[in-house]
Amino acid sequence: MILTITMNPSIDISYPLGKLVIDRVNRINNVSKTAGGKGLNVTRVLRQLNEPVKASGMLGGDFGQFVRKHLDEEGINHDFSQIRSETRNSIAILHEGNQTEILEGGPEIRENELNTFFETYKRLLKEVNLVTISGSLPKGVKKDYYSTLIEEADRQNTKTILDTSGETLAKSLQGNPKPYLIKPNEEEISQVLGHKINTSVDLKNALKSDLFDDIEWVVVSLGKDGALVKHKKTIYKIDIPSIEVINPVGSGDATLAGLTYGISNRRTPEEIMRVGMVTGMLNAMNQKTGHIDVQRFNELFTQISVNKINNE
Ligand code: ATP
């Protein structure tokens, strides 16, 4: 089984408005409210791939109960640790082809709540063979906390797959042991290396940085341009077919789910990369974030090309 960790989940609220009028009342009828967070998108895609998966992290208050209820309704296996403060809301206003987001910072975590979560985490690790950790840390939790989770997983012989950004990513790369796989984007790579990346050559050179030496997989997804991947010492460029994009939000999470699925099922490195690309594309081809049409999996799988580019 796979364990997905979402430390700062949310209720994702979507307000589709024809036009957003500033400084006026904007009325809306078809509001959608769902259980949100990058790790929950990963969970949904893994479930659709028929992979046994359990979601954990921290939830609080009535809004936390709302998330639990929605996960139950979706049939998602979950075991979140309880906190006192309310889980946050993330609001997306869709207007005139734009997406304006209002994101709450979320609850402040107390030390005893973090300790309770850690006990849950240690218990859940005994049931699983892989852990994914996605997204930001809530307030009150130190930026190097993911290193603590990676270390405990390692102690229990479990590999960790990490998708985070900024200082949290930088601190996780300083820790020891390292995550097994990271999925930074170009901006995140340039942040951790402290210099700008302008060209594909810059990006390839960045992947050769000794910062990534002990990380088995570094996957930089590039939207419609596929991905640049470092696996052990080999760098690959993955090209994907052009597709009809409906909603690309969460494609990175879907890619992470595909990569995790491939690793969990001991597929070959080339197959792992292909699965990750297919799940990302299938998410982009679907209106609902974290939903994929598995019927189209094989058709896309065969259209992906994976090429070694080390010596170019
Ligand atoms: P997000 O933060 O929205 O989850 P991301 O930047 O982490 O996204 P992307 O690189 O945009 O991730 O997308 C991940 C994968 O999904 C890509 O490698 C590709 O396989 C697929 N994908 C995303 N957008 C497109 C697109 N416009 N056309 C084709 N495939 C796409």
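Residues numbered from 1 in each chain as written. Predicted model: local features only at pLDDT ≥ 70, side-chain atom pairs only at ≥ 80, totals over all residues. Heavy atoms only, no water.

**Student:** Explain the packing of aromatic side chains residue by residue, including any values.
**Tutor:** Going through the model one piece at a time under the given rule, you end up with 3 aromatic pairs. Look at Phe297 and Phe301: their rings are 5.7 Å apart centre to centre, the planes differ by 20 degrees, and that puts the pair in the stacked class. A residue pair is termed a helical-turn pair when its members lie 3 or 4 positions apart in one helix, as Phe297 and Phe301 do in helix 10 (residues 297-301) at 4 residues. Pair check on accessibility: Phe297 and Phe301 agree, each one buried. Of the aromatic side chains, those joined through ring pairs into one cluster are Phe117, Phe118 and Tyr121. The aromatic ring of Tyr180 is capped on one face by Lys159, whose charged end is 4.9 Å from the ring centroid. One cation-aromatic arrangement involves Arg274 over Phe301; the distance from NZ or CZ to the ring centre is 5.6 Å. (Phe/Tyr/Trp six-rings, centres within 6.5 Å; stacked < 30°, edge-to-face > 60°. Helix = DSSP H or I, 4+ residues; strand = E, 2+ residues; numbered from the N terminus. Buried < 20%, exposed > 50% of the residue type's maximum accessible area, 1.4 Å probe, protein only. Lys NZ or Arg CZ within 6 Å of the ring centre and 35° of its normal.)

**Student:** Describe the sheet that holds strand 7 (residues 98-103), listing the residues and the values that go with them.
**Tutor:** If you walk across this open sheet you meet the 4 strands as 3-2-6-7, and the pairing is mixed. Because the sheet does not close on itself, it has two edges, and the strands there are strand 3 (32-36) and strand 7. Adjacent strand axes in the sheet meet at a mean angle of 20 degrees, parallel and antiparallel pairs treated alike. Where strand 2 (residues 10-17) lies against strand 6 (residues 88-95), 8 bridges are found, and the strand directions are parallel. Across the sheet, the residue bridging to Leu17 is His95, located in strand 6. (Pairing = 2+ DSSP bridges. Axes fitted to C-alpha atoms, helices over the stretch in contact; angles between N-to-C directions.)

**Student:** So what's going on with the environment of Asp210? Residues and values would help.
**Tutor:** Looking at the element boundaries, Asp210 is found in the loop between helix 7 (200-207) and strand 11 (217-221). Between the C-alpha atom of Asp210 and that of Thr260, which follows or precedes it by 50 residues, the distance is 24 Å.

**Student:** Help me get a handle on the confidence of the model for the protein chain, residues and values and all.
**Tutor:** A residue-level look at the protein chain finds 99% of positions with pLDDT of 70 or above and a mean pLDDT of 96. Reported confidence for the predicted complex is 0.96 by ipTM and 0.95 by pTM. (pLDDT = per-residue confidence, 0-100.)

**Student:** Let's hear about the packing of helix 5 (residues 166-174) against helix 6 (residues 186-193): which residues, and what values?
**Tutor:** Axis separation between helix 5 and helix 6 bottoms out at 10 Å; the angle between their running directions is 60 degrees. Taken together, the axes of helix 5 and helix 6 lie oblique to each other. Taken as a pair, helix 5 and helix 6 cross one another with a handedness that is right-handed. Residues Gly166, Leu169, Ala170 and Leu173 of helix 5 form the contact with helix 6, whose participating residues are Glu188, Gln191 and Val192. When its residues are assigned to classes, the contact of helix 5 with helix 6 shows 4 nonpolar, 2 polar and 1 charged. (Parallel < 35°, antiparallel > 145°, perpendicular 65-115°, else oblique. Left-handed = near helix turned anticlockwise from the far one by under 90°. Contact = heavy atoms within 4.5 Å. Nonpolar A, V, L, I, M, F, W, Y, C, P; charged D, E, K, R; others polar.)

**Student:** Any chance you could break down the sheet that holds strand 8 (residues 130-134) for me, citing the residues and the numbers?
**Tutor:** The strand order 5-4-1-8-9-10-11-12-13-14 describes an open sheet built from 10 strands, whose pairing is mixed. Pairing within the sheet leaves two strands with one partner each, and these edge strands are strand 5 (81-83) and strand 14 (305-308). In the sheet, strand 11 pairs with strand 12 (residues 227-231) via 5 bridges, with the strands oriented antiparallel. Each residue of the ladder has a partner; that of Val220, found in strand 12, is Leu228.

**Student:** Please set out the pairing of strand 12 residue by residue, giving values where relevant.
**Tutor:** Counting buried positions along strand 12 yields 5 of 5 residues, so the element is predominantly enclosed. Taking every second residue as pointing to the same face, both faces of strand 12 are buried, with Ala227, Val229 and His231 on one and Leu228 and Lys230 on the other. Remark: 5 residues form the turn of the hairpin made by strand 11 and strand 12, two consecutive strands paired antiparallel; Gly223 in that turn has positive phi of roughly 55 degrees. Two elements, strand 12 and strand 13 (residues 234-239), share 5 bridges in a ladder whose sense is antiparallel. Bridge pairing in strand 13 places Lys230 opposite Ile235. The turn joining strand 12 and strand 13, which pair antiparallel and follow one another in sequence, is formed by 2 residues; a positive phi near 50 degrees is taken by Lys232.

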